[in-house]
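Chain by chain, the residues run as shown.
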Amino acid sequence: MKKCFPLLLSLLISFTIIAQRPAATEGEAIKITGTVIDQETGQALEYATLVLQSIADPDKVNGGITDINGKFEVETVPGEFNASIEYIGYQTYKVPQKSFNDATDLGTISLNISASELEGVEVVGEKTTVEVRLDKKIYNIGKDLTTSGATISDALGNVPSVSVDVEGAISLRGNENVRILINGKPSAMAGFGSTEALRQLPADAIEKVEVITSPSARYDAEGTAGILNIILKKEKTLGFNGSVNVNIGYPASSGITANVNLRTDKFNIFNTTGYRYRDAPGNAIFDNTYTSGSFDRVLEDRLYNRLDKGFNTNLGAEYFINDKSSVTGSIFYRLSNDEDVTENTNQRFVENQLSSRTFREELENEEDNSYQVSLNYINRFDDDGHELTADFQYSNDDEIKNSTIEEQRTLPDEDLLVLEDIFENEKENEYLAQIDYVLPMEDAQFEAGYRGTFEEEITDYRLDSLDQSSGQFVVNENLTNKFTYNENVHAVYSQYGNKFGQFSFLLGLRLEHTQLKGQLDSEFDSSQFEEELGVDVEANFDKKYLGLFPTVNLIYEIDEEGRENVSLGYNRRINRPGGWYINPFPSRSSRTNIFQGNPDLNPAFSNTFDLGYLKRWDKLTLTSSIYYQQETDAFERVQESTGQSTTDGIDIVRSVPINLSTENRYGAEAGILYNPKDWLQLNSSFNIFKFKSEGSFNGVDYGADNTSWFARFSSKVSLPAKVEWQTNGFYSGPRQNAQTESEGIFSLDFAFSKDILNNNGTLSFNVNDAFNSRKRRSFTETEFFTSRSEFQWRVRSFTVSFIYRFNQPKKREGGRGGDGDGNGDGEFEG
């Protein structure tokens, strides 16, 4: 297999050279030869790239690559060139303004490992590093053995400040209202208002994750918790390189992901393609008691069997118009096909005596097609950061879900209770247009820009129930509906940053105009809902909001080397209700539970303060912060009785979102990266937070006061024979809201890996949730019912994976300790 790659590479490079080689107008062609080796080991570097750029005509570029012995031989016409030799992860060797008039042997050229290059491709490196900027922390997640063959959702669970619950909901500092961006923009790759799409994408695609708890004015004001910006891989080194990762596991799972990249001086082509097959068996137990209805206690035992099959590909190309300007276009496509089966055995009691048993089976088939087209233009006016960028993006998602629910009584008789067919079709379209201008001014920087996002969401829901008397299916008019929701946001921003000695600041202001529109294409009697909410409800609405969102970010470098600093941030943000939260028509999660949106729901606003401290030693890095947030009109989902019952006498419970008056949140967090020995790396973080919410609905006080925390620990040990062992532990403390208390959750993952095939391949084995303890145990109590439950999304799993890298050698440890190359110099990057 290995011998095939040099041939393919040679053909690709030859094509590039033929396309760009200057015409030999004077004299015969000459040969430039040499040998490239690793300075530290003396090992020949195969696939290193020689670049010859004509000084007379910079657009004319020639070059070639080294063979298995590190040797290169390139033909060119005589002339004056800027010559360079590049290799991924190494410092570039440059020979400026060199005249080549005769055949020249450059001799043996030794390349050194480059810390800056490693920083740019840290995801295939060995260390987890952190960089601190004025408005964010950047985590280069490194080679995490426990996420080999895993998804982006799994990988996010290992990022400090972030937690992912058993159902995949992502929280930042314990707050689920977090904005997920891909490469700085909302994306179909991340899903629209849902994180489910992140479970379909491979973790191998991530380069780094930006945790933005105090976003600058450049970012959307959406997301009161902050922003997680996932940066995907796009190689910057000349030549053809990539990797292939295959995995297989138990319970049944398998997948393959390929990352490939071809870069020359005129273009860069990149692609990530993957296929995933995963069986996710889970289980749940519910013990419900009721104060009214035919039964006073119902026990539910559920078994979930989820079969997920998904394909995704991201193909892009960047064309370098000249050394200052480039155009990048990319197409993303994702297809997922899920088949879920839920089996529910119910036992129903009257006065502690078993009255009846039922068995319910829910079959759900879901097909989701998403695609996204992106176009980016960047013009760099100089090498000091003066630039103009423009972006256009179109995203489309079409999700079709067909479900069949059948429930039968098994005791004392075997009667059919219900047979229903549910059809759901959700279509989303989103356009994004953006332009940003950056003007550096000595130690200062000015930025300004515009972003427009225009989103339409159409939800079509239909429920057919079997009429047993006629044997025909009848449309349930009370639940069948079609709802169109539009969210249009225009935003302009400006920010200014400056640096005075060891003090830096970044001040910004963002103005956003929001339009929220709802159109219900169904008959809806709002009178009952208006009476319950105590307000006038318009199912068809057109609301407009204008908001100012200031941001302040300050940083003081305690020492001149940037190894210790203190930072302070403030920002105002917004949480807009999505279409599901506003659609007034009820939708059912089961016969006894419905969710009903609230058209009267208003956006929530937050003000957040964050004080941070960072200290770096030779082998240790400490990051810490304390924060406070006040949110007005915060969302809360409350459960209440509808006053209705099923045909067999069980109360129907409704969940509805409301605006609580206020929510105050306080917290502190700390993280440590410690590399005491070359063979040992330790990484831990801790976050404690308290929130207090106030508000009432229908005369019921839904205020809550809760303190909770979560912590994680990771260790990586290098064993003999190039074997590595990693252990990750995570604990999420108990927490509660207005109606529900949840117990703490502990989980442990571990993995082993070994390098093979001359370090071009890595074989790994990992166990996820080794103790099978990742279960949510909770207790819900209202005036009319209680529910004690235990839920496990997926049982313990085992995965074996193999990754093969070509022209992308595994990065070595180096002796950089905990420094992580994060300069922390407060550069004014948005």
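Remember, predicted model here, so these are calculated numbers, not experimental data. (Residues numbered from 1 in each chain as written. Predicted model: local features only at pLDDT ≥ 70, side-chain atom pairs only at ≥ 80, totals over all residues. Heavy atoms only, no water.)

### What about the overall build of the chain?
Assigned secondary structure in the chain consists of 5 helices and 47 strands. The buried share of the chain, taken over its 830 residues, is 55%. Taking as baseline every contact in the chain between residues at least 6 positions apart, the subset at least 24 positions apart corresponds to 68%. Surface exposure of the chain reaches about 35,400 Å², of which carbon and sulfur atoms provide 52%. (Helix = DSSP H or I, 4+ residues; strand = E, 2+ residues; numbered from the N terminus. Buried < 20%, exposed > 50% of the residue type's maximum accessible area, 1.4 Å probe, protein only. Contact = heavy atoms within 4.5 Å. Areas by Shrake-Rupley, 256 points an atom, 1.4 Å probe, with all protein chains shown as cover.)

### Quick look at the packing of aromatic side chains
Counting across every chain of the model gives 25 aromatic pairs. Measuring from centroid to centroid gives 4.9 Å for Y570 and F609, while their planes differ by 40 degrees, and the two rings are tilted. Here Y570, found in strand β28 (residues 564-575), pairs with F609, found in strand β31 (residues 604-616); they are 39 residues apart in sequence, far enough to count as distant. Y570 sits in the buried class, given a relative accessible area of 18%. Feature note: the residues Y496, F500, F503 and F505 constitute an aromatic cluster, connected by ring pairs. Of note, K98 hangs over the ring of F100, and the distance from its end group to the ring centre comes to 5.9 Å. Taking the ring centre of Y627 as reference, the NZ or CZ of R173 above it sits at 4.1 Å. (Phe/Tyr/Trp six-rings, centres within 6.5 Å; stacked < 30°, edge-to-face > 60°. Lys NZ or Arg CZ within 6 Å of the ring centre and 35° of its normal.)

### Concerning the nonpolar core
Residues L156, I170, L228 and I230 are the most contacted members of the largest nonpolar core, which totals 22 residues. Looking at this core, the elements that each hand over two or more residues are α3 (152-156), β10 (162-164), β11 (170-172), β12 (178-182), β13 (206-212) and β14 (226-232). By size, the runner-up hydrophobic cluster in this structure holds 16 residues, among which are I30, A48, L52 and I85. (Core = buried A, V, L, I, M, F, W, Y, C linked by side-chain atoms within 4.5 Å.)

### Topic: the sheet that holds strand β1 (residues 30-38)
One open sheet holds the 3 strands; their spatial order is β4-β1-β7, and the pairing between them is mixed. Of all strands in the sheet, those with a lone pairing partner are β4 (71-76) and β7 (104-111), marking the two edges. When strand polarity is set aside, the average angle formed by the axes of neighbouring strands in this sheet is 20 degrees. Examined bridge by bridge, β1 and β4 share 6 bridges and lie antiparallel to one another. Within the sheet, the bridge partner assigned to T33 lies in β4 and is E73. (Pairing = 2+ DSSP bridges. Axes fitted to C-alpha atoms, helices over the stretch in contact; angles between N-to-C directions.)

### Things to note about the environment of N425
Residue placement: N425 occurs in strand β22 (residues 416-441). Exposure remark for N425: the relative accessible area of 13% places this residue in the buried category. Between the C-alpha atoms of N425 and D460, which are 35 residues apart in sequence, the distance is 5.1 Å. Sequence-distant contacts of N425, defined by excluding residues within four places in its chain, comprise D398, E399, I400, I458, T459 and D460. Engagement of the side chain of N425 in a polar contact is seen with the side chain of D398, the distance being 3.0 Å. (Polar contact = N/O pair within 3.5 Å; in protein donor to acceptor, adjacent residues only side chain to side chain.)

### Digging into the pairing of β12
Summarising burial for β12: 4 of the 5 residues are buried, a large majority. Sheet topology note: the β12/β14 ladder contains 5 bridges and is parallel. Across the sheet, the residue bridging to I180 is L228, located in β14.

### Structural notes on the sheet that holds strand β6 (residues 93-100)
Strand order in the open sheet formed by 4 strands is β3-β2-β5-β6, with antiparallel pairing between adjacent strands. Unpaired on one side and paired on the other, β3 (61-65) and β6 mark the two borders of the sheet. Taken pair by pair, the neighbouring strands of this sheet meet at an average axis angle of 20 degrees, ignoring direction.

### Describing a nonpolar patch on the surface
Together, I248, Y250, L719, W725, F752, L763, F765, F798 and V800 give the surface a local cluster of nonpolar side chains, amounting to about 800 Å² of exposed area. Sorting the residues of the nonpolar patch by element identifies β15 (239-250), β44 (761-768) and β47 (797-806) as the ones contributing at least two each. If you trace the backbone, L719 turns up in strand β39 (residues 704-719). Among the residues examined, L719 registers a relative accessible area of 33% and is labelled partly exposed. (Patch = residues over 30% accessible without salt bridge, like charges linked within 9 Å, V, L, I, M, F, W, Y side chains within 5 Å. Salt bridge = Lys/Arg side-chain N within 4 Å of Asp/Glu carboxyl O.)

### Quick word on the pattern of salt bridges
This model, assessed by the stated rule, comprises 28 salt bridges. Residue R297 pairs with D287 through a salt bridge whose shortest N-O separation is 2.9 Å. Here D287 lies in strand β17 (residues 267-290) and R297 lies in strand β18 (residues 297-320), a separation of 10 residues in the sequence. Its relative accessible area of 22% is what places D287 among the partly exposed residues. E512 is the partner of R576 in a salt bridge, and the nearest nitrogen-oxygen pair spans 2.5 Å. Of this pair, R576 sits in the loop between β28 and α5 (579-582) while E512 sits in strand β26 (residues 503-520); the two residues are 64 residues apart in sequence, bridging distant segments of the chain.

### Some words on the pairing of strand β45 (residues 776-781)
Two elements, strand β42 (residues 740-742) and β45, share 3 bridges in a ladder whose sense is antiparallel. Residue T740 lies in a different strand from β45, and its bridge partner there is T780. Pairing of β45 with strand β46 (residues 785-792) involves 6 bridges; the strand directions are antiparallel. What sits directly across from R776, in β46, is F791.

### Describing the side chain of N268
Within the fold, N268 resides in strand β17. A polar contact of 2.8 Å, which involves the side chain of N268, links it to the side chain of N261.

### Remarks on the environment of L172
Mapped onto the elements, L172 comes out in strand β11. The exposure class assigned to L172 is buried, which follows from its relative accessible area of 1%. For the pair L172 and P160, spaced 12 residues apart in sequence, the C-alpha to C-alpha distance is 9.0 Å. Residue contacts for L172: discarding those within four places in its chain leaves S161, V162, V178, V211, I212, T213, A225, G226, I227 and L228.

### Observations concerning unusual backbone geometry
Apart from glycine, the bulk of residues carry a negative phi angle, and the bulk of peptide bonds sit in the trans form. At the junction of Y250 and P251, the peptide bond is cis and its omega measures out at -5 degrees in the coordinates. Within the fold, P251 resides in the loop between β15 and β16 (253-263). Along the chain, L411 connects to P412 via a cis peptide bond; the corresponding omega equals 10 degrees. Its location among the elements puts P412 in the loop between β21 (387-411) and β22. In the Ramachandran plot, E351 falls in the positive-phi region, its phi being about 55 degrees despite a non-glycine side chain. In this fold, E351 is placed in the loop between β19 (325-350) and β20 (353-380). Note on E351: relative accessible area 65%, which makes it exposed.

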